[in-house]
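Each chain, letter by letter, is given below.
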Amino acid sequence: MPINNYAHKKYLLLNLIHHLGPISRTELSLLTDYRPASVSAIMKDLLEEGLVIETGYASNGPGRKRTLLEMNKNYLCAIGLSFSPHHIFYLVSQVDGTVLYQSKTPMDSSAPKEALVSAILEQVAILLKEFSTKKIVGIGISEPPYDPALYHPMDSLTENYTHFNSWVHQQLRPQLEDLSGLPVKTFSGVTMPAVAEYRFGVAKGIQNFICVELSNGIGASICCNGIPVSGADGKAAELGHTVIDYSDRQQKLCYCGKPGCIETSTAFPALAARISRAMEDGVLSALNSYPHREDGITIQAIRWALDMDDPMCMYYVKDVAVRLGVAISNAVNLLNPKMVVLYGFMVELGDFFLQELERSIRENVFAPLKNFEIRVSDSTETLFPLGAVAEIYSSFFQQDNYRWVYQLNPDDYHDSFSERNE
């Protein structure tokens, strides 16, 4: 259904306020060439709907002060859901990414799907009631990401790697729509980290960047010119299955069937296995006196040993960091990002690991491409539901129709407007 002229103007102004606010009616009129009367009429409707609020005044020299407008972030919110192998994550976020609520409940993946759906509906019903005084714009569901630690050799790789269980599409989504009366959308887990970081995180406003997952698997999420990249089949950025060492034909094959995959030698299970074998072979390590040895080789145990300057752990962690750096530098050479965002529980290894990783990345990047930042994500566990929330807001604002708005740099725009009116 084609958008009518009033609706087009309304959504354009709404997106400008969302991206550039606080902003005045005068600025909106100048940006759009809409008559001041038209802008004022639409603002009256948006204010009555509670989507926009007046937040103060601004003045550039003599004359009447301008009333500033911005999104009513305390009124708008959205619900995000995501799945790990053992938990369901729930999140409620404001339009600016402020998390109002988050929780996780245990999930038995072998339980009947009807029981899982029932439990999710019950929890969402509680959230709908708790936030009933706000405008909930929708519910976003991030697909369950693939976890190599749960790979089942007796199943096909395709079955292990299913990007969305049918019960989410066929049972959960329609029942959530019936329960809430809201739009419910599902999104590829491949893009969620990039979407979350671009809208709310350390890469906010950065048009070109990559997120790199460091956990039981090595993955990536790409943002190119402000658009997340999912690939032809929704499986883009499989960084872990790029081959960096094909020379040793006796090395262990990756579950994908190839030797030399970066994931085989650098993901956490590989690091833990190498440290465990070294200890079995009698290599001295501070880990022998770790207070919680009964828990096995955990990320916390390795971090503890690194803090004790344990030579054995430092050796293996550095080797992992160097190999990872080579793989990430290959991605940087291909994509020329402005930023590399690291997330996943392996960042808990701390400064030694992160410094060695950054050194390896920068040593292997083509010199003309070295002008990029390396940042650690502020929110690893909430990335997937937060990405789903961001996509719900994108749909609510119809942002695909107004991409040019989000190419504007808010600071540059406001500076130039101030200069024109001094």
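Novice: Could you clarify how one ought to interpret the side chain of Asn15 in this entry?
Specialist: With respect to the secondary-structure elements, Asn15 resides in helix α1 (residues 5-20). Polar side-chain contacts of Asn15 include one of 2.7 Å to the backbone oxygen of Tyr11. Contacts of Asn15, omitting those with residues within four sequence positions, involve Phe397, Gln399, Tyr402, Val405 and Tyr406.

Novice: What's the story with the state of the cysteines in this structure? I'm lost.
Specialist: Covalently bonding the sulfur atom of one cysteine to the sulfur atom of another cysteine gives a disulfide. For the structure on display, the rule yields zero disulfides. Its sulfur unpaired, Cys211 is 8.3 Å from the next cysteine sulfur, which belongs to Cys223.

Novice: What is the right way to read the pairing of strand β13 (residues 373-376) from this model?
Specialist: Each regular strand carries side chains that alternate between the two faces of the sheet. Direction of pairing for strand β12 (residues 339-343) relative to β13: parallel, over a ladder of four bridges. Counterpart to Val340 in the pairing with β13 is Ile374. Note that the unit made of β12, helix α12 (residues 351-364) and β13 has a crossover that is right-handed.

Novice: Explain the environment of Glu381 to me, please; I cannot follow it from the model alone.
Specialist: By the element assignment, Glu381 lies in the loop between β13 and α13 (383-396). For Glu381, a relative accessible area of 44% translates into the label partly exposed. Once you skip the residues sitting within four places of it in the chain, Glu381 turns out to touch Phe89 and Lys104.

Novice: Could you clarify how one ought to interpret the packing of helix α11 (residues 311-335) against α12 in this entry?
Specialist: How two helices pack is summed up by the angle between their axes together with the distance between the axes. One can describe the packing of α11 onto α12 by two numbers: an axis separation of 7 Å at closest approach and a directional angle of 40°. One finds that α11 runs oblique with respect to α12. In this structure, α11 crosses over α12, and the sense of that crossing is right-handed. Contacts between α11 and α12 pair Met314, Val317, Lys318, Val320, Ala321, Val322, Leu324, Gly325, Val326, Ile328, Ser329 and Asn333 from the former with Phe352, Phe353, Glu356, Leu357, Ser360, Ile361 and Asn364 from the latter. Here the residues of the contact of α11 with α12 sort into twelve nonpolar, five polar and two charged.

Novice: I keep staring at the sheet that holds β13 and nothing clicks. Help me out?
Specialist: The strands making up a sheet associate through hydrogen bonds between their backbones, and the pairing can be parallel or antiparallel. With respect to topology, five strands assemble into an open sheet ordered β11-β10-β9-β12-β13, the strand pairing being mixed. Lying at the two open borders of the sheet, with one neighbouring strand each, are β11 (227-229) and β13. Neighbour-to-neighbour, the strand axes of the sheet open up by a mean angle of 25°, direction not taken into account. Where strand β9 (residues 209-214) lies against strand β10 (residues 218-224), six bridges are found, and the strand directions are antiparallel. Considered in β10, the bridge of Phe209 is made with Cys223. Contacts from α11 reach β9, β10 and β12 within the one sheet, and its direction differs from that of β9 by about 160°.

About the criteria used
Residues numbered from 1 in each chain as written. Predicted model: local features only at pLDDT ≥ 70, side-chain atom pairs only at ≥ 80, totals over all residues. Heavy atoms only, no water. Helix = DSSP H or I, 4+ residues; strand = E, 2+ residues; numbered from the N terminus. Polar contact = N/O pair within 3.5 Å; in protein donor to acceptor, adjacent residues only side chain to side chain. Contact = heavy atoms within 4.5 Å. Disulfide = S-S within 2.5 Å. Pairing = 2+ DSSP bridges. Right-handed = clockwise from strand over helix to strand, strands pointing away. Buried < 20%, exposed > 50% of the residue type's maximum accessible area, 1.4 Å probe, protein only. Axes fitted to C-alpha atoms, helices over the stretch in contact; angles between N-to-C directions. Parallel < 35°, antiparallel > 145°, perpendicular 65-115°, else oblique. Left-handed = near helix turned anticlockwise from the far one by under 90°. Nonpolar A, V, L, I, M, F, W, Y, C, P; charged D, E, K, R; others polar.

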